[in-house]
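# Coordinates in review
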Amino acid sequence: MASLFARFRQLSVKRLISKSTRTVAGQVLVFQVALVVLLVACGVFALILQSERDSSAEARRRSTAVAQTFAHSPGVLAALRTPDPSKILQPLTEAARRAADVDFIVVMDTEGTRYTHPLPDRIGERFVGEIGPSLAGKVFVESVDGPLGREVQATVPVKDADSDVVALVSAGMKVKNVESQLNQQLPIILGAGAGALALSAGVTALVGRRLRRQTHSLAPDEMALMYEHHDTVLHSVREGVLIVAADGRLMLANDEARRLLELPPDIEGRLVSDLPGLDPETKALLTSGREATDEVFLAGERLIAVNQRPTGQRPTGRAGGPGETVVTLRDSTELQAVTGRAEVARERLRLLYDAGLHIGTTLDVLRTADELARVPIPRFADFVTVDLADAVLHGEEPAPTGTAMRRAAVSGIVDNHPLIEQGRLFDYVPATPQARGYGSGRSQLVSDLPTATSWRVQDPERAQAVIDYGIHSLITAPIQARGVVLGMASFWRAQQHERFNEEDVSLAEELVARAAISIDNARRYTREHTLAVTLQRSLLPQAMPEQNALDIAYRYLPAQSGVGGDWFDVIPMPGSRVALAVGDVVGHGLHAAATMGRLRTAVHNFSALDLPPDELLSHLDDLVGSIDQSETAESAAGVVGATCLYGIYDPVTRRYVMARAGHLAPALVRPDGTVTFPDVPAGPPLGLGGMPFRTAELCLAEGTQLVLYTDGLIEDRRRDLDVGMELLREALTGNPGRPPEETCQEVLDRVLPGRPKDDVALLVARTRQLPPDRIADWDVPQDPAAVAGMRDAVARKLEAWDLAELGFTMELILSELITNAIRYGSGPIHVRLIRDRTLICEVADGSSTSPHLRYAATTDEGGRGLFLVSQMAERWGTRYSPQGKVIWAEQALP
C-alpha cells in the first residue's frame, strides 16, 4: 500500500494532461480521472441517502419486530383477561422497552385505550395513531406526533386461540433518535468518501498504465481494425456465442446464436429474462452464472446443447455475485433425434421383454388372451381387444373365415369405453380390417379412423361412438400359430398417444406372435383336457342303479390342473345287497383316467363273481401287478399308488363288510348324529403284493350314513391331514336326518379350501333295512321227501304276498335247487325267500362244491335241472360264505 501511494504522489495533473492522447490508453486515462471524481461524489451522496433510508427502515423494522414479539409473548393473553391488565403489563412493557432499545411499548384494548405507557399518567388515555388496519389483523407502521414527540410506531394485533383480535400492541422510536444515529454516521461517510476518492485516483492512474501495456499503445484506428477481425471470426463460427453480464443483460450475441435462438436485431443490452422464445429453464441457466456442460434445452423446434463458463470479471461497484459468463450454443436436434429413436427402441424391447414374462403364464385360453390385452397398456396402446374363434375356446380348430368370433378379452386405460364388451359372439363383416386380416393372415393399419369407412360397416352406431370417444387409429394383427389363424388382436389409440404408423405395426405383430404360441398351446391343452374329462366322465357312473338298500348321493370334482384317477361305483349284488367302491389312481391326465377305467371295470367283473371284499382286492392287486409288468417304460409309468375301498351292505342283516387297499377309512354318521371313523385293517396300495387284505364287519343301524371319499377332499398342501379329517367330522356332526344330497354339499362347502388341486370323489349312502315281512326262511332236513313240504310252504308265502302267479315257476326252481343241495351238498340246508325289487330265492348248504350248468344229451336221464333254472329265472348264481355256499335265483315281479 505504501508503494501504491508513493507512485500516486509521483503523478501530477500536469503530467496526466501532458500525456499524449494519441493512444487509446491516454484517452481512457483522462476520461477515467474525470469519471472517478464524479463517481466518488455521487457515491458519497448516495451513501448519505442510503444511510438515512437504512436508519429509518431500521427504526420501522425494530418497532415492528418488538411489537410482534411482545404481542405473541406468553402471558399477555392471560394478563389481558385479568381485572387490572395495567398492573401486570406495565412492568413487562417497560422491561421489554429497555431491552429492545425502543422508546415506547404500548398495550391497548380494541377501542384504543392504553393499558401501558412510558409516561404513567398517559395510561387510560386514547392511543394516538391509526388502529383500524390492526383491528383487521394487519401490521400497520406510521409516523405520528405522539406524547413523546414525532414518533415512528408499528401497531400489531393480539389474537386469542380463535384468531379473534382482543388487544393491540404498539412499539416505536422518536424521529430525533433516528436522525441522531444518521448524524453520527456522517463523519464516517464523508471520511470514507474522501479516502475512496484518493484511492480511486491512484488506482485510475495504475489502470491507465496497465491499459497502455495491454493495448500496446495502439491508436484507435488500429484497435478498430483488430476488433473488425475479431467480429469476423466471432460471427463466422458454427457455434452460437453469448456474453451475459452479471445483472442478467445480454452483452453480446453472434450471428449463429441469433439464428439458433431466433433473437431480434436489438438484443444487446436487454435482460435475458425479457428475451422472447426462450423457455424459463434456459433463462434461469443464462442468468445463474454457474458452470454448465452440454445441458440440452428446447428452443422452438431445436434442441440446443448449452455450455456456460463464468469469466471471473466482476463489474465495478459490486461487492459480490457472479460476474460475466460466456455461453456457447450448439444445435443437437439431429443427435437428439437419434437418441430419441434409440430410446424408443429401448422402450419397445422392454415392452417385448415384459410380454415374454407376463403372457402365457397359464394354459388357459381366456387368461392368456387377457394377458395379451393388458401388457401393451398404456405404453403402446390405450385399448386392446382380443377376438378368438369360438372353436378355439373349446380346444377345436378355428374356421377359415371370421365367423363365430368371441370377444375373449378387453382392456384399456378406463373401463367406460364404447368397444364391444367381453364375451360377445359375432361375425366379422368381410369389408372390415379384422376380416381382411383374418383371411389374409396380415396385419391391417388404419391410421385415421374418422376418415376411414371400411371399419364402420361392422357396427355403424358403435363406430361413431368410438370416434366421439376420441379413438383415432387402429392396428389389427392376426393371432397366428403353426400356420393357423386363431383370432385377431386389435390395438386402439386415443388422444393420449400419437397415431399408429408403419413402425408400430411390426411391434404389434411381435407382441401378438409371442402370445399366439401360448394361446395355441392353451387351445391344445384345452382339447386334451376336454378329451380326458370326457373319457373320465364316460368311465364314471352315469346314473345310480336302482336298489332299495341305500339312499345314494355323490359328487365328483376334477382337479384344477387336469383330470385325475379318482373314481367311485355303486354295484347292486344278489340278495338285495349293494357294493360300494371308491378308489384313486395317483397322477393326472389320460393315463390316469384310462387306468381308473380299467380298475373300475375289473371291480365290476370281480363283483359279478360275488367275491368277499378281501378276495376281490386280492384279485385286483394281482391285476394291477400284471398291468405294471406288461407296461413298458415308453408307454406308461405303471399304476403304482392306486388305492381302493370296497364294501358290501346287506339290508336284510344290516351287515356292512369292507376292506381297503391303501385307502382312507370311511366315516360313519350314526342316527344319533355322532361321527366315527371305523378301524378298518389297512392293506397296502394295489400292485405292491405280498400282504393279505383283511375285512372289517359292522352292524349298522337303519339310517346310518356311510361317507366314502378320496384323499383330495381332506389333503391339501396348506394344511395337515389331521386338520382335514377334523373339518370333515365337523361338517358331518349334528345333522343325522339330513338327506345325503345335502350332506354332500355341506361337506364340499366346509372341507374344501376352494377349487381342489386334486380330484375329489365323495359318496354318501344312508342305510335302509328290508322289512321282516318281506323275508321268509326255513331250515330244510337233508331228506328228499322234504322237498314237497317246502313247495307247499313257498306257495302259501307267495299267496300271502299276492304273488301266486309266480308260484309254479318258483316251486320248480326251488325244487331243483333243494334237490341238488340234498343230493350233492351237506347240511345244514337253509332256504330264504326275499321280496324286494325282484323275488329272490336262496338255498344255502355247508358244501363248497359249486354246481355247473351243462347241456344234457337226448339220451341222458339227468343233468337238466340247472338248465331249467337258468331258463325259468331272470338271473341265478352262486356265492360262497365261511359256512359253505348259497345258490340263488331271481324272478321279476309282475
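The text that follows walks through the structure, step by step, so that each part is easy to find. (Residues numbered from 1 in each chain as written. Predicted model: local features only at pLDDT ≥ 70, side-chain atom pairs only at ≥ 80, totals over all residues. Heavy atoms only, no water.)

We now examine the overall build of the protein chain. If you tally the helices and strands in the protein chain, you get 23 helices and 31 strands. Burial status across the protein chain gives 44% buried among its 894 residues. Counted over contacts in the protein chain with a minimum sequence separation of 6, partners at least 24 positions apart contribute 61%. In the form shown here, the protein chain has an accessible surface area of approximately 44700 Å², with 54% of it arising from carbon and sulfur atoms. (Helix = DSSP H or I, 4+ residues; strand = E, 2+ residues; numbered from the N terminus. Buried < 20%, exposed > 50% of the residue type's maximum accessible area, 1.4 Å probe, protein only. Contact = heavy atoms within 4.5 Å. Areas by Shrake-Rupley, 256 points an atom, 1.4 Å probe, with all protein chains shown as cover.)

The next subject is the sheet that holds strand β22 (residues 675-676). Consider a sheet: its strands pair through backbone hydrogen bonds, and that pairing is either parallel or antiparallel. Spatial ordering of the open sheet is given by β16-β26-β25-β21-β22, a layout of 5 strands whose pairing is antiparallel. Edge positions in the sheet fall to β16 (550-557) and β22, since each of these pairs with one other strand and no more. With 3 bridges connecting them, strand β21 (residues 667-669) and strand β25 (residues 705-709) associate as antiparallel partners. Looking across to β25, one finds that Ala667 is bridged to Val707. Taken strand by strand, helix α20 (residues 740-751) contacts β16, β25 and β26 (760-767), and its axis lies near 30° from that of β16. (Pairing = 2+ DSSP bridges. Axes fitted to C-alpha atoms, helices over the stretch in contact; angles between N-to-C directions.)

Moving on, we get to the packing of helix α19 (residues 721-732) against α20. Look at α19 against α20: their axes get within 9 Å of each other, and the N-to-C directions meet at 140°. Taken as axis vectors, α19 and α20 run oblique relative to one another. Between α19 and α20 the crossing geometry is right-handed. Where α19 abuts α20, its residues Gly724, Leu727, Leu728, Glu730, Ala731 and Leu732 lie against Thr743, Glu746, Val747, Arg750 and Val751. (Parallel < 35°, antiparallel > 145°, perpendicular 65-115°, else oblique. Left-handed = near helix turned anticlockwise from the far one by under 90°.)

Let's shift gears to the layout of surface pockets. Empty space among the atoms can be located by rolling a probe the size of a water molecule over them. Here the largest pocket is characterised by a volume of approximately 980 Å³. As for the largest pocket, its lining consists of 31 residues, and the residues nearest its centre are Arg879, Tyr880, Ser881, Pro882 and Gln883. Residue assignment for the lining of the largest pocket shows that the elements contributing at least two residues are α18 (613-630), β19 (643-650), β20 (655-661), β28 (829-835), β29 (838-845), β30 (875-881) and β31 (884-892). Looking at the lining of the largest pocket element by element, the count peaks at 4 residues for β28. Partitioning the lining of the largest pocket into residue classes produces 12 nonpolar, 6 polar and 13 charged. (1 Å grid on protein atoms, 1.4 Å probe; cavity = no way out; pocket = protein on both sides within 12 Å on 5 of 7 lines; lining within 4 Å. Points joined across faces, edges and corners; volume = space filled by probe spheres on them. Nonpolar A, V, L, I, M, F, W, Y, C, P; charged D, E, K, R; others polar.)

A word on the sheet that holds β28. With antiparallel pairing, 5 strands are arranged side by side in an open sheet as β27-β28-β29-β31-β30. Either end of the sheet is taken by a strand with one partner, and the two such strands are β27 (775-780) and β30. With direction set aside, neighbouring strand axes in the sheet form an average angle of 15°. Looking at chain direction, β27 and β28 are connected through 6 bridges and run antiparallel. Bridge pairing in β28 links Val780 to Ile829. Along the sheet, helix α21 (residues 786-800) contacts β27, β28 and β29; its crossing angle with β27, the most-contacted strand, is approximately 170°. Its contacts with the sheet put helix α22 (residues 807-824) on β27, β28, β29 and β31, and the angle it makes with β29 is roughly 15°.

Moving on to the packing of aromatic side chains. Describing an aromatic ring pair means giving the distance of the ring centres and the angle of the ring planes. What the rule picks out here adds up to 7 aromatic pairs. Measuring from ring centre to ring centre gives 5.4 Å for Phe380 and Phe500, while their planes differ by 45°; the resulting arrangement is tilted. Placement of Phe380 in the loop between α12 (365-374) and β10 (383-389) and of Phe500 in the loop between β15 (484-493) and α16 (502-539) is noted, with a sequence separation of 120 residues between them. Just as Phe380 is buried, Phe500 falls in that class too. Between Tyr428 and Tyr438 the ring centres are 6.5 Å apart and the planes differ by 65°, which places this aromatic pair in the edge-to-face class. Taken together, the residues span a long stretch of sequence, with Tyr428 in the loop between β12 (425-426) and α14 (433-440) and Tyr438 in helix α14 at a distance of 10 residues. In this pair, the class of Tyr428 matches that of Tyr438, namely buried. Geometry around Phe380 places Arg493 over its ring, the cationic atom sitting 5.3 Å from the centre. (Phe/Tyr/Trp six-rings, centres within 6.5 Å; stacked < 30°, edge-to-face > 60°. Lys NZ or Arg CZ within 6 Å of the ring centre and 35° of its normal.)

In this structure, the amide linkage connecting Ile377 to the following residue, Pro378, adopts the cis form with an omega of 0°. Positive phi, close to 65°, is recorded for Ser576, a residue that is not glycine. A positive phi is found at Arg654, a non-glycine position, where the angle reads about 60°. If you trace the backbone, Arg654 turns up in the loop between β19 and β20.

Its location among the elements puts Asn254 in the loop between β6 (250-253) and α9 (255-261). Within the local environment of Asn254, its side chain forms a polar contact with the backbone nitrogen of Val241, the two atoms lying 2.8 Å apart. (Polar contact = N/O pair within 3.5 Å; in protein donor to acceptor, adjacent residues only side chain to side chain.)

Right, let's talk about the pattern of salt bridges for a bit. Under the definition given, this model contains 30 salt bridges. Its salt-bridge partner being Arg367, residue Glu371 comes within 3.5 Å of it at the nearest N-O pair. On the criterion of helical spacing, the pair formed by Glu371 and Arg367 is a turn pair, its members being 4 residues apart in helix α12. Between Glu726 and Arg729 there is a salt bridge; the shortest N-O distance is 3.7 Å. With Glu726 and Arg729 both in helix α19 and 3 residues apart, this pair spans about one turn of that helix. Take Glu726: its relative accessible area is 38%, and that puts it in the partly exposed class. (Salt bridge = Lys/Arg side-chain N within 4 Å of Asp/Glu carboxyl O.)

Residue placement: Asp164 occurs in the loop between β3 (149-159) and β4 (165-174). Each C-alpha atom, one on Asp164 and one on Ala136, is 9.5 Å from the other, the two residues being 28 residues apart in sequence. Setting aside chain neighbours within four positions, we find Asp164 in contact with Val158 and Lys159.

Another point: the pairing of β25. Where burial is concerned, most of β25 is hidden: 5 out of the 5 residues are buried. Neither face of β25 is exposed, since Gln705, Val707 and Tyr709 on one face and Leu706 and Leu708 on the opposite face are all buried. Pairing geometry for β25 and β26, over 5 bridges, is antiparallel. Of the residues in β26, the one forming a bridge with Val707 is Val764.

So, about the nonpolar core. Counting residues in each nonpolar core, the largest one holds 48 residues, and the members touching the most others are Leu580, Leu617, Leu620 and Tyr646. Once you skip the residues sitting within four places of it in the chain, Leu620 turns out to touch Leu599, Ala602, Val603, Phe606, Cys644 and Leu686. Judged by nonpolar contacts, the second largest core, of 44 residues, contains Leu372, Ala381, Ala408 and Leu511. (Core = buried A, V, L, I, M, F, W, Y, C linked by side-chain atoms within 4.5 Å.)

So, about the side chain of Ser518. Among the structural elements, Ser518 can be located in helix α16. Among the residues examined, Ser518 registers a relative accessible area of 16% and is labelled buried. In contact with Ser518, other than residues within four places in its own chain, are Ile359, Gly360 and Thr368.

Moving on to the packing of α21 against α22. Following both chains from N to C, one finds α21 and α22 inclined at 145°, their axes separated by 9 Å at the closest point. Viewed along their axes, α21 and α22 form a crossing whose handedness is right-handed. Along the contact surface, α21 presents Val787, Met790, Arg791, Val794, Ala795 and Leu798, while α22 presents Gly807, Met810, Glu811, Leu814, Ser815, Ile818, Thr819 and Ile822. Of the residues that constitute the contact of α21 with α22, the class distribution is 9 nonpolar, 3 polar and 2 charged.

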